[in-house]
Amino acid sequence: MEIKMEPHQRSLGLKLILVGALAFMLWIPAMLVHGLVFERSTRADSVREEIYGLTGGEQTISGPVIIAPALVDGGKRKDDGEPVLESMFFVFTPRALEIDAAVDASQRRRSIYEATVYDADIVVEGSFGPLLPPQLPSEIKAIHWDRAVMAVKFGANAALKGMRDKPRLFVDGEALDAAFEPGINLAALGRFGTEHALGAPGISTPFPVADPQQAFAFRLALPMSGGGALFFAPAGEETTVSMEANWPDPSFQGAYLPDAREIGAEGFTAEWRVPYLARSLPRSFPADSGLSRLDAGKTFGVRFIDAASPYQSVNRALKYALMFLGIVFLTFFLFEATTGARAHPAQYILLGLAQVIFYLLVLAFSEHVGFEAAFTGAAVATVGLSGIYAATVFHSLWRGVIAFAAFSAAYGLIYLLMKSEDYALMIGSVTAFGAIALTMYVTRKLDWYGGRDKA
């Protein structure tokens, strides 16, 4: 007697192909969520930059240095044979520079967005001298030490907003009534021409030098505020920077990494040491128009990052969205393959859409209640809905419980991916291999043409 097979008994192989195609199809709306994450993170970055700008921005401190105008014989001659003197500005760096920064960081909120701002008490100590002019091919006719200034360069003009109080300057232990002015410009140095005009952002004060061969010590207190990051340039021949802050998530960046650091839940401490040869800068040099030679490519410091950013976590998990859609669909398919129950492709689509909306829920709620609470709430809701739906589709409470356990494990892996940047690829790879291995084991005796297990 010939036994006829029902259509659903002949099509499990085709059904698996269809399920895979559905997973790819639902990957498209998951990528649309990725675009939404990018849009929201861009908006958050924009608001963060606005807050930074109101507090002084990301501060970069270079100095102090002494700048003196000079007259140089550039080799040109007048009609009567007299040399044509050119104006230049010489920068003299400290012999030793020790910077101590005590940073109090906090969060500022605008609407639903947050930014990290800080108040920093910065104390710069060191010594100058003897002040030796740079080696030039041209002959130096005169250096006007009486018109010298002491200057500290900042990273941008907006940084002056971060000056919380008047800088205090001490020379050889005695307090000076230093009249610091905004900007490092030509007028402060004395006008000898416009060829080498200085227009660097920062502060400067008249600092006439009586004897350039005489060394002296200094101490400069800079009470500053800023947002996002704090960087320094190795202006001294030997530069040492010590920083202590109450922020638990520092990102050390720049040309030099700290020689020592300690990071804890209450904050961090870090120390840098940059010797003379490592800074790639001579003891004295001609100033360019923006003093860029002083800090270009040399700055180092700390960026105060928010490790709990929901955008980074959701983006990381979305990279594996296709894999987790496949895991959810494979769970449903294995129920079909092993129990004889059937699920319609429309039911797969509904189940998959619930997984896509999960990422949207995490993104939306994490902006208001934080990532941990948002993930927990969205995962419980999605896993619960999927488990109940499985029990309904397959008409079995027990299968619903199994589906609930499988989905719970999958969302536990999603959480690990969202939280682990270093091990995300390894976790995702092992999960994908495990899912394929489990499917191969469960369906090892399945007759893909007939749809029934062999006896």
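Everything numeric in this text was worked out from a predicted model, so none of it was measured.

Asks: Could you clarify how one ought to interpret the overall build of the chain in this entry?
Replies: A tally of regular secondary structure across the chain gives nine helices and 18 strands. Of all 455 residues assigned to the chain, the portion counted as buried reaches 47%. Relative to all contacts within the chain whose residues are 6 or more apart in sequence, the contacts with residues 24 or more apart total 77%. Summed over its atoms, the accessible surface of the chain is roughly 22,400 Å², and 59% of this surface lies on carbon and sulfur atoms.

Asks: What exactly am I supposed to notice about the pattern of salt bridges here?
Replies: Pairs can form between side chains of opposite charge whenever their charged atoms are close. Scanning the model with the defined rule gives eight salt bridges in all. Ionic pairing is found between glutamate 58 and arginine 303, a salt bridge with its closest N-O pair at 2.6 Å. Of this pair, glutamate 58 sits in the loop between α1 (12-55) and β1 (59-77) while arginine 303 sits in strand β18 (residues 300-304), and the two are 245 residues apart along the sequence. We classify glutamate 58 as partly exposed; its relative accessible area is 33%. Connected through salt bridges with shared partners, the residues Arg95, Glu237 and Arg283 form a single ionic network.

Asks: Please clarify how the side chain of threonine 382 should be interpreted in this entry.
Replies: Mapped onto the secondary structure, threonine 382 falls in helix α7 (residues 371-393). Residues in contact with threonine 382, not counting those within four places in the same chain, are Ala354, Gln355, Phe358 and Tyr411.

Asks: It is not clear to me how the environment of alanine 151 should be interpreted in this structure. Could you clarify?
Replies: Tracing the sequence through the fold places alanine 151 in strand β6 (residues 149-154). With relative accessibility at 0%, the residue alanine 151 sits in the buried group. The sequence separation of alanine 151 and alanine 200 amounts to 49 residues, and the corresponding C-alpha distance is 10.0 Å. Here alanine 151 is in contact with Pro64, Val65, Ile67, Ile184, Ile203 and Ser204, once residues within four sequence places are set aside.

Asks: I keep staring at the nonpolar core and nothing clicks. Help me out?
Replies: Ile122, Leu230 and Phe232 are the most contacted members of the largest nonpolar core, which totals 67 residues. Per element, the largest residue contribution to this core is seven residues, and it comes from β1. Once residues lying within four places of it in the same chain are set aside, the contact partners of phenylalanine 232 are Ile61, Ile99, Ala101, Ile122, Val241, Met243, Lys298, Thr299 and Phe300. Counting 56 residues, the second largest nonpolar core, distinct from the first, contains Val33, Ala317, Phe332 and Ala410.

Asks: For this particular structure, what's the right way to read the environment of tyrosine 359?
Replies: Relative to the assigned elements, tyrosine 359 resides in helix α6 (residues 345-369). Under the relative-accessibility criterion, tyrosine 359 is labelled buried at 4%. Along the chain, tyrosine 359 and asparagine 315 lie 44 residues apart, while their C-alpha atoms are 9.3 Å from each other.

Asks: Can you help me understand unusual backbone geometry in this one?
Replies: Peptide bonds are trans in most cases, and residues, glycine excluded, mostly fall at negative phi. A cis amide bond links glycine 63 with the next residue in sequence, proline 64, at an omega value of 10°. Summarising the element assignment, proline 64 is placed in strand β1. Here the amide bond leading from glycine 129 into proline 130 is cis, since omega sits at -10°, within 30 degrees of zero. Its identity as a non-glycine residue notwithstanding, serine 280 has a phi of 55°, on the positive side. As for its position among the elements, serine 280 is in the loop between β16 (267-274) and β17 (284-286). Accessibility expressed as a relative area gives 58% for serine 280, which makes it exposed.

Asks: Whenever I open this one, the sheet that holds strand β3 (residues 96-110) confuses me. Can you help?
Replies: Strand order across the open sheet formed by eight strands is β8-β7-β11-β4-β3-β13-β16-β15, with mixed pairing between neighbours. Of all strands in the sheet, those bounded by a partner on one side alone are β8 (174-176) and β15 (260-264). Shown here is a sheet whose adjacent strand axes are inclined to one another by a mean of 20°, direction ignored. Sheet topology note: the strand β7 (residues 168-171)/strand β11 (residues 216-227) ladder contains four bridges and is antiparallel. When the sheet's bridge partners are listed, arginine 168 is paired in β11 with alanine 221.

Reading the values: rules and limits
- Residues numbered from 1 in each chain as written.
- Predicted model: local features only at pLDDT ≥ 70, side-chain atom pairs only at ≥ 80, totals over all residues.
- Heavy atoms only, no water.
- Helix = DSSP H or I, 4+ residues; strand = E, 2+ residues; numbered from the N terminus.
- Buried < 20%, exposed > 50% of the residue type's maximum accessible area, 1.4 Å probe, protein only.
- Contact = heavy atoms within 4.5 Å.
- Areas by Shrake-Rupley, 256 points an atom, 1.4 Å probe, with all protein chains shown as cover.
- Salt bridge = Lys/Arg side-chain N within 4 Å of Asp/Glu carboxyl O.
- Core = buried A, V, L, I, M, F, W, Y, C linked by side-chain atoms within 4.5 Å.
- Pairing = 2+ DSSP bridges.
- Axes fitted to C-alpha atoms, helices over the stretch in contact; angles between N-to-C directions.

Limitation: the analysis is restricted to geometry and does not speak to function.
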